[in-house]
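This is what each chain is made of:
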Amino acid sequence: MYTNLNLLLRKISTLILLFCCNLLFSQDNNVFTVVLDAGHGGIDPGNTGNGYYEKKIALNIALQVGRELNKDPSFKVVYTRTKDVKIDLFKRADIANKAKANLFISIHCDSHTSNAYGVGTFVLGLHANERNFQIAKKENSVIFLEENYTQKYDGFDPDNPESVISLVLMQEEYLDQSINAANFIQDSFVKNLKRKNRNVKQAGFIVLKYTYMPSVLIETGFLTNKTEGKYLNSKKGQKEMSNSIADAIIKYKKSISNTSVELSSNYDIENSTINTYLKIQIASGSKFLPLKSYNFKGLSRLSYSKRGKNYKYYFENTENYEKAKQYLLKAKSAGFKDAIIVAFNNGKRISIDDFFTINSN
Ligand SMILES: [Zn+2]
């Protein structure tokens, strides 16, 4: 019995060791892989507002973003297409998954019967309104050109707004990071290029559903708008948009490789000018848990940080130590017996002593 147990333990430890080695060597942590997906292509021109071709503009921008990123050897760029060919939506996601990409970016141009203009960045989610549904519907309808699309997309019907609900579940794990990336991109367009801001939004884009990584879709502007169509079709416009996207990707990468930076919270921090604050650390582990009350014994106002493969989960946010002590009691009585007060400065973890030193100055 004793030797059997010993053998078993040895087997288990070998397995654990193999598993850890696998984790260590399966990916090069220094390389950040970005998949650039130029929308449409081949027999699918995308929209052709004012006679401009979405498929051509999207490809030019994707290729230029890639050229920019390739100047930095820590990036690996993978394209879903580099030529004027049609690629199924499913295949695009597959390319990204096989590349074990860190980020997936799909590039498109919008169209509308009105004079609408401006740039918007999307992450996968339920369409908040009819307009978002119409945009997703247009981008999804390309599956009608594909063979066996009902099988490939689990019976998904681009014409049915309800159909999208089945889309959102898989990407949920990456939602926070997708929104984070989308914010960098949208900010870059608005701040650097003064483009009209159509904001970061959620809608049911098929191409974002099947990827296992943070994923965004950029509607770079409206070809149907005379001025914007001309801009997007011009060398200058494409160069500006590409630089802007590349710039945002670089910033996004920096933000997540700065391991102690807080990644996300499920509430707005009231006063974002406060740089030094306290939180209650309630849990940690290698598993990502969506920031929902039901995952955290009913507590709300949650946030998390990620360092390597380890997540830390926090409750509340305050600059006041007395309040933090009250929150700590609340967390403990909710069942987080090992909860502790932790301090941050500019998103970086600091000691409680440093918190008092900074605050006394
Ligand atoms: Zn498109």
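Remember, it's a predicted structure, so these values are computed and weren't measured experimentally. Once a new chain begins, its residue numbering starts again from 1 and follows that chain's sequence as written. Residues qualify for local features only when their pLDDT is at least 70, as the model is predicted, and side-chain atom pairs are given and counted only at 80 or more; totals for whole chains, interfaces and linings, by contrast, use all residues. As a rule here, side-chain values cover all heavy atoms of the structure and leave hydrogens and water aside.

**What to know about helix α2 (residues 54-70)**
Moving on, step 1. For α2, spanning 17 residues, the distance from its first C-alpha to its last is 24 Å, which sits close to the expected 24 Å at 1.5 Å a residue.
Moving on, step 2. Among the 17 residues that make up α2, 12 are buried, leaving the element largely enclosed by the rest of the structure.
Moving on, step 3. What α2 keeps buried is the set E54, K55, I57, A58, L59, I61, A62, L63, Q64, V65, G66 and L69. By definition, any uninterrupted DSSP run of H or I lasting at least four residues is a helix, any uninterrupted run of E lasting at least two residues is a strand, and each is numbered from the N terminus. Each helix should span, by expectation, one fewer than its residue count multiplied by 1.5 Å. In this scheme, a residue with accessible area under 20% of its type's maximum is buried, one over 50% is exposed, and one in between is partly exposed, where area comes from a 1.4 Å probe on protein chains only.

**Describing the side chain of E228**
Moving on, step 1. Here E228 shows up in helix α9 (residues 226-233).
Moving on, step 2. Owing to a relative accessible area of 6%, E228 belongs among the buried residues under this scheme.
Moving on, step 3. Side-chain atoms alone can form a polar contact between residues adjacent in sequence; in general such a contact is a pair of N or O atoms within 3.5 Å, and within protein one must be able to donate a hydrogen while the other accepts it. Among the polar contacts made by the side chain of E228, one reaches the side chain of R195 at a distance of 3.0 Å.
Moving on, step 4. Note on contacts: a residue pair qualifies if any of its non-hydrogen atoms lie within 4.5 Å across the two residues. Residues contacting E228, with those up to four places away along its chain left out, are Y117, G118, R195, G221 and F222.

**So, the sheet that holds strand β4 (residues 119-124)**
Moving on, step 1. In space, the 6 strands of this open sheet follow the order β2-β1-β3-β6-β4-β5, with mixed pairing throughout. Since the sheet does not close on itself, it has two edges, and those belong to β2 (75-79) and β5 (197-203), each with one partner. Taken over all neighbouring pairs, the strand axes of this sheet differ in orientation by 25° on average, direction set aside.
Moving on, step 2. Strands pair, by our definition, only if DSSP identifies at least two bridges between them. Looking at chain direction, β4 and strand β6 (residues 215-222) are connected through 3 bridges and run antiparallel. Bridge assignment links T121 to a residue of β6, and that residue is I218.
Moving on, step 3. Sheet contacts for helix α3 (residues 89-98): β1 (32-38), β2 and β3 (103-110); angle to β1, the most-contacted strand, approximately 170°. Between the N-to-C directions of two axes lies an angle of 0 to 180 degrees, each axis being a line fitted to C-alpha atoms and, for a helix, fitted only over the stretch in contact.

**Overview of the coordination of the zinc ion**
Moving on, step 1. For the zinc ion, the protein coordination sphere consists of H40 (NE2), E54 (OE), H108 (ND1), E139 (OE) and E139 (OE), at 2.0 to 2.5 Å.
Moving on, step 2. Mapped onto the sequence, the residues coordinating the zinc ion show the spacing H-x13-E-x53-H-x30-E. On the criterion of sequence distance, the pair formed by E54 in helix α2 and H108 in strand β3 is long-range, its members being 54 residues apart. Neither E54 nor H108 differs from the other in exposure class; each is buried. Metal-coordinating donors are taken as N, O and S atoms lying within 2.8 Å of the metal, or within 3.2 Å when the metal is Na, K or Ca; because water is left out, some sites can appear incomplete.

Bear in mind that shape data such as this cannot, by itself, settle questions of function.
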